[in-house]
Amino acid sequence: MSNKNYKIAVLGGDGTGPEVVREGIKVVDAVSKSSGFKIEWVNYDLGGERYMRTGDVLPESALAELRKVDSIYLGAVGHPDVKPGILEKGLLLKLRFELDQYINLRPVKLYREQDCPIKEKGPKEIDYCVIRENSGGLYSGIGGISRQGTTDEVAQQNMLYTYDQVHRCLKYAFEYARKNGRKARGIGKENTLALVGKSNVLTYMYELWNRVFAELGAEYPDVKREYYHVDATCLYMVTCPEMFDVIVTENMFGDIITDLAAMTQGGLGIAAGGNINPRGVSMFEPIGGTAPQWTGKNQINPLAAIGAGAMMLDALGEKDSAEKIEASIVKSLNSGKIKGLAAGKMGLSTTEVGDLIANNI
Ligand code: IPM
Ligand code: MN
């Protein structure tokens with residue numbers, strides 16, 4: 001039982017973002033009633049509509065307020081009428097960087113065999129977690145274009161990592177594997193942390209990552225270390241996902257492999273993630289996008305957003321409540337009432353799925 005009060009900023013954002021976040025709030029409010037803590041939801045009108053209306057992407061005053069909340073709950077960012085990059089870089093990535101959310105935690109968990117597109121893979125085989133470095137690499141925004149318009153034009157985008165960025169990310173990953181790996185969860189013989197990279201080509205980069213991985217690993221004798229190239233990882237994620245426990249990887253590789261991972265767990269409708277600053281303000285979101293074609297139809301799957309809500313409660317220290325939400329998701333899926341996980345294929349509307357999860361708590 002907790003009697004805390006939390007102030008949570010809600011950034012519904014664009015497309016179906018506001019619809020799925022609404023269901024997440026419904027579920028978190030339902031669990032808070034039985035758990036005793038209180039949430040003050042504070043809405044922020046940010047995203048494509050606001051930008052087109054006012055030219056604002058993320059005003060300084062809003063950023064200053066967001067630095068002071070207990071957590072941020074985000075729907076989705078991106079608008080078909082806004083040039084790609086403006087909202088992504090100006091809002092989503094800016095928040096990740098400004099709030100130093102250097103970890104992107106993306107659990108990959110299949111709840112029902114029927115939702116997996118891979119033959120003969122079920123919940124036992126697809127149950128791992130990707131820890132994506134969330135502050136550096138190709139996302140650092142360093143590079144440029146010169147001699148534009150000539151045939152000598154040069155475009156460069158640099159992959160950049162500092163020792164500290166690599167160290168803090170790997171440290172988090174080792175701690176996570178120690179606390180949440182298979183052995184820790186009582187479902188395997190050992191806790192395993194796999195570093196995913198491309199050491200055969202990005203030799204400078206993986207000289208650093210591999211060295212820190214080995215150095216830090218010596219402090220975690222209870223965590224078995226593995227290394228895989230990112231291309232091979234994609235192959236294994238499909239043919240042999242059961243080999244993974246906790247994966248840690250740099251930003252861009254993490255972005256790419258978690259979309260593939262999401263499909264193996266039933267699609268973007270169920271994949272949740274957290275942008276984490278272990279000592280600051282974290283931000284939780286469904287990892288799918290804005291799905292403009294589904295906007296306003298009440299057909300988008302809110303489970304990813306609901307799962308992100310559970311991750312948020314877990315990070316706030318409300319572990320029991322997070323577990324209650326997850327148990328309700330499992331129960332609701334196993335009831336057979338939710339037919340599929342893709343938008344328009346659920347057999348229920350967005351609001352009905354939200355009601356079902358809230359009622360099963
Ligand atoms: C994600 C998204 C973002 C990313 C985009 C929208 C900037 O794809 O959260 O995975 O590349 O990180
Ligand atoms: Mn992505």
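### A closer look at the packing of aromatic side chains
Aromatic ring pairs are defined here through the distance separating the ring centres and the angle between the ring planes.
Okay, step 1: Applying the stated criterion to the full structure yields ten aromatic pairs.
Okay, step 2: Seen in terms of ring centroids, F174 and Y220 are 5.0 Å apart; in terms of plane orientation they differ by 15 degrees. Their pairing is stacked. Taken together, the residues F174 in helix α5 (residues 163-180) and Y220 in the loop between α6 (203-217) and β9 (223-229) connect sequence positions 46 residues apart.
Okay, step 3: F174 sits in the buried class, given a relative accessible area of 0%.
Okay, step 4: Overall, the relative accessible area of 2% leaves Y220 in the buried class.

### Observations concerning the domain arrangement of the protein chain
Okay, step 1: By domain assignment, the protein chain separates into domain 1 (1-101 + 280-361) and domain 2 (117-264).
Okay, step 2: Once you take the C-alpha centre of each, domain 1 and domain 2 turn out to be 25 Å apart.
Okay, step 3: With six residues of domain 1 at the contact, the number on the domain 2 side is seven residues.
Okay, step 4: Between domain 1 and domain 2 the total buried area reaches about 620 Å² when both faces are included, carbon and sulfur atoms providing 47% of it.
Okay, step 5: Per-residue buried area on domain 1 facing domain 2 is highest for R96, F97 and I287; these three make up 59% of the total on that side.
Okay, step 6: Where domain 1 packs against domain 2, one counts one salt bridge.

### With respect to helix α9 (residues 303-316)
Okay, step 1: Its 14 residues give α9 an end-to-end C-alpha distance of 20 Å, which sits within 8% of 20 Å, the value for a rise of 1.5 Å per residue.
Okay, step 2: The buried fraction of α9 is high, at twelve of 14 residues.
Okay, step 3: Within α9 the residues assigned to the buried category are L303, A304, A305, I306, G307, A308, G309, A310, M311, M312, L313 and L316.
Okay, step 4: With its phi angle positive at about 100 degrees, G317 sits one or two positions after the end of α9.

### Quick word on the state of the cysteines
Okay, step 1: Summed over all chains, the structure comprises zero disulfides.
Okay, step 2: Free of any disulfide, C129 has its nearest neighbouring cysteine sulfur in C169, separated by 11 Å.

### Overview of unusual backbone geometry
Okay, step 1: Its identity as a non-glycine residue notwithstanding, R147 has a phi of 50 degrees, on the positive side.
Okay, step 2: Inspection of the secondary structure puts R147 in the loop between β6 (143-146) and β7 (154-157).
Okay, step 3: Non-glycine residue N298 carries a positive phi angle of around 60 degrees.
Okay, step 4: Given a relative accessible area of 28%, N298 falls into the partly exposed group.

### A short note on the site of ligand 1
Okay, step 1: Around ligand 1 lies a shell formed by E88, L92, R96, R106, R132, Y139 and D255.
Okay, step 2: R106 has a polar side-chain atom sitting 2.9 Å from an oxygen atom of ligand 1.
Okay, step 3: At 2.6 Å from an oxygen atom of ligand 1 is found a side-chain nitrogen or oxygen belonging to Y139.
Okay, step 4: When ligand 1 sits alone it has 320 Å² of accessible area, and the protein chains cover 76% of it.
Okay, step 5: A breakdown of the residues in the shell around ligand 1 according to their chemical character gives two nonpolar, no polar and five charged.
Okay, step 6: Here the shell around ligand 1 gathers at least three residues from each of two domains, domain 1 (1-101 + 280-361) and domain 2 (117-264).

Calculation criteria
- Residues numbered from 1 in each chain as written.
- Chains lettered and ligands numbered in written order.
- Predicted model: local features only at pLDDT ≥ 70, side-chain atom pairs only at ≥ 80, totals over all residues.
- Heavy atoms only, no water.
- Phe/Tyr/Trp six-rings, centres within 6.5 Å; stacked < 30°, edge-to-face > 60°.
- Helix = DSSP H or I, 4+ residues; strand = E, 2+ residues; numbered from the N terminus.
- Buried < 20%, exposed > 50% of the residue type's maximum accessible area, 1.4 Å probe, protein only.
- Domains from an automatic or database assignment.
- Contact = heavy atoms within 4.5 Å.
- Buried area = accessible area lost by both parts, 1.4 Å probe.
- Salt bridge = Lys/Arg side-chain N within 4 Å of Asp/Glu carboxyl O.
- Expected span 1.5 Å × (residues − 1).
- Disulfide = S-S within 2.5 Å.
- Near = heavy atom within 4 Å.
- Polar contact = N/O pair within 3.5 Å; in protein donor to acceptor, adjacent residues only side chain to side chain.
- Areas by Shrake-Rupley, 256 points an atom, 1.4 Å probe, with all protein chains shown as cover.
- Nonpolar A, V, L, I, M, F, W, Y, C, P; charged D, E, K, R; others polar.

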